[in-house]
Amino acid sequence: QVQLVESGGGLVQAGGSLRLSCAASGSIFSINAMGWYHQAPGKQRELVAVITSGGRPNYADSVKGRFTISRDNAKNAVNLQMNILQPEDTAVYYCYATVATMRGGPVYQYWGQGTQVTVSS
């Protein structure tokens, strides 16, 4: 089994910053992509940012220039630095990781429990 534990959500005023962190643990042989989705009330879960095992990031257009994703492969961790936050960024943020639990085995996607980010105007 693989567990992802998130931290760093909270309440912030518009224009402020938050940093989300997520660490994976358990039966991990290797991790491919890691990233973050968010889900606002009444809306579908949407991709925010993803980073490859080689460190190449990709962002949703709505967060480009404001959010930065990074990872620490030695710690099986991924972070999301969120700057210039806006009320429309309010959502539950979920981290995910695509994990192989054994050499040559299948790759599965695992999810964190979610952390609330609320941006007040």
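Quick summary incoming for the structure in this document. (Residues numbered from 1 in each chain as written. Predicted model: local features only at pLDDT ≥ 70, side-chain atom pairs only at ≥ 80, totals over all residues. Heavy atoms only, no water.)

1. Observations concerning the layout of surface pockets
Roughly 190 Å³ of internal volume is contained in the largest pocket. Its residues placed into classes, the lining of the largest pocket shows two nonpolar, five polar and five charged. (1 Å grid on protein atoms, 1.4 Å probe; cavity = no way out; pocket = protein on both sides within 12 Å on 5 of 7 lines; lining within 4 Å. Points joined across faces, edges and corners; volume = space filled by probe spheres on them. Nonpolar A, V, L, I, M, F, W, Y, C, P; charged D, E, K, R; others polar.)

2. What to know about the environment of proline 41
By the element assignment, proline 41 lies in the loop between β4 (30–39) and β5 (46–51). Residue proline 41 is classed as exposed on the basis of its relative accessible area, which comes to 75%. Proline 41 sits 15 residues away from arginine 56 along the chain, and the two C-alpha atoms are 30 Å apart. (Helix = DSSP H or I, 4+ residues; strand = E, 2+ residues; numbered from the N terminus. Buried < 20%, exposed > 50% of the residue type's maximum accessible area, 1.4 Å probe, protein only.)

3. A look at unusual backbone geometry
Located in the positive-phi region is asparagine 76, a residue other than glycine, with phi close to 50°. Here asparagine 76 shows up in the loop between β7 (67–72) and β8 (77–82). A positive phi angle, near 50°, is found at isoleucine 84, a position not held by glycine. With respect to the helices, strands and loops of the structure, isoleucine 84 is situated in the loop between β8 and β9 (91–100). Look at isoleucine 84 and you get partly exposed, because its relative accessible area is 45%.

4. Quick notes on the nonpolar core
Trp36, Leu80, Met82 and Tyr93 are the most contacted members of the largest nonpolar core, which totals 31 residues. When contributions to this core are tallied by element, the ones reaching two or more residues are β1 (2–7), β3 (18–26), β4, β5, β7, β8, β9 and β11 (115–120). Once residues within four sequence positions are removed from consideration, methionine 82 is found in contact with Gly16, Ser17, Leu18, Leu20, Arg66, Phe67, Tyr93 and Val117. (Core = buried A, V, L, I, M, F, W, Y, C linked by side-chain atoms within 4.5 Å. Contact = heavy atoms within 4.5 Å.)

5. Section: the sheet that holds β7
The strands making up a sheet associate through backbone hydrogen bonding, with each pair oriented either parallel or antiparallel. In spatial order, the strands read β1-β3-β8-β7; together these four strands make up an open sheet with antiparallel pairing. Lying at the two open borders of the sheet, with one neighbouring strand each, are β1 and β7. Neighbouring strand axes in the sheet, compared pairwise and without regard to direction, differ in orientation by 15° on average. (Pairing = 2+ DSSP bridges. Axes fitted to C-alpha atoms, helices over the stretch in contact; angles between N-to-C directions.)

6. Some thoughts on the side chain of aspartate 89
Position of aspartate 89 among the secondary structure elements: in the loop between β8 and β9. Judged by its relative accessible area of 4%, aspartate 89 is buried. Side chain to side chain, aspartate 89 and arginine 66 meet in a polar contact 2.8 Å long. Once residues within four sequence positions are removed from consideration, aspartate 89 is found in contact with His38, Arg66, Phe67, Ile84, Val117 and Val119. (Polar contact = N/O pair within 3.5 Å; in protein donor to acceptor, adjacent residues only side chain to side chain.)

7. With respect to the environment of serine 25
The residue serine 25 is located in strand β3 in this model. Accessibility expressed as a relative area gives 37% for serine 25, which makes it partly exposed. Distance in space between the C-alpha atoms of serine 25 and glutamine 3 is 5.4 Å, their sequence separation being 22 residues. In contact with serine 25, other than residues within four places in its own chain, are Gln1, Val2 and Gln3.

8. Describing the state of the cysteines
Here, the word disulfide means a covalent bond between the sulfur atoms of two cysteines. Within this structure, the stated rule accounts for one disulfide. In this model cysteine 22 forms its disulfide with cysteine 95; the gap between the sulfur atoms is 2.0 Å. Note on the cysteine 22 and cysteine 95 pair: the S-S dihedral is about 40°, so by sign convention the disulfide is right-handed. Of this pair, cysteine 22 sits in strand β3 while cysteine 95 is found in strand β9, placing the two residues 73 residues apart along the sequence. We classify cysteine 22 as buried; its relative accessible area is 2%. (Disulfide = S-S within 2.5 Å.)

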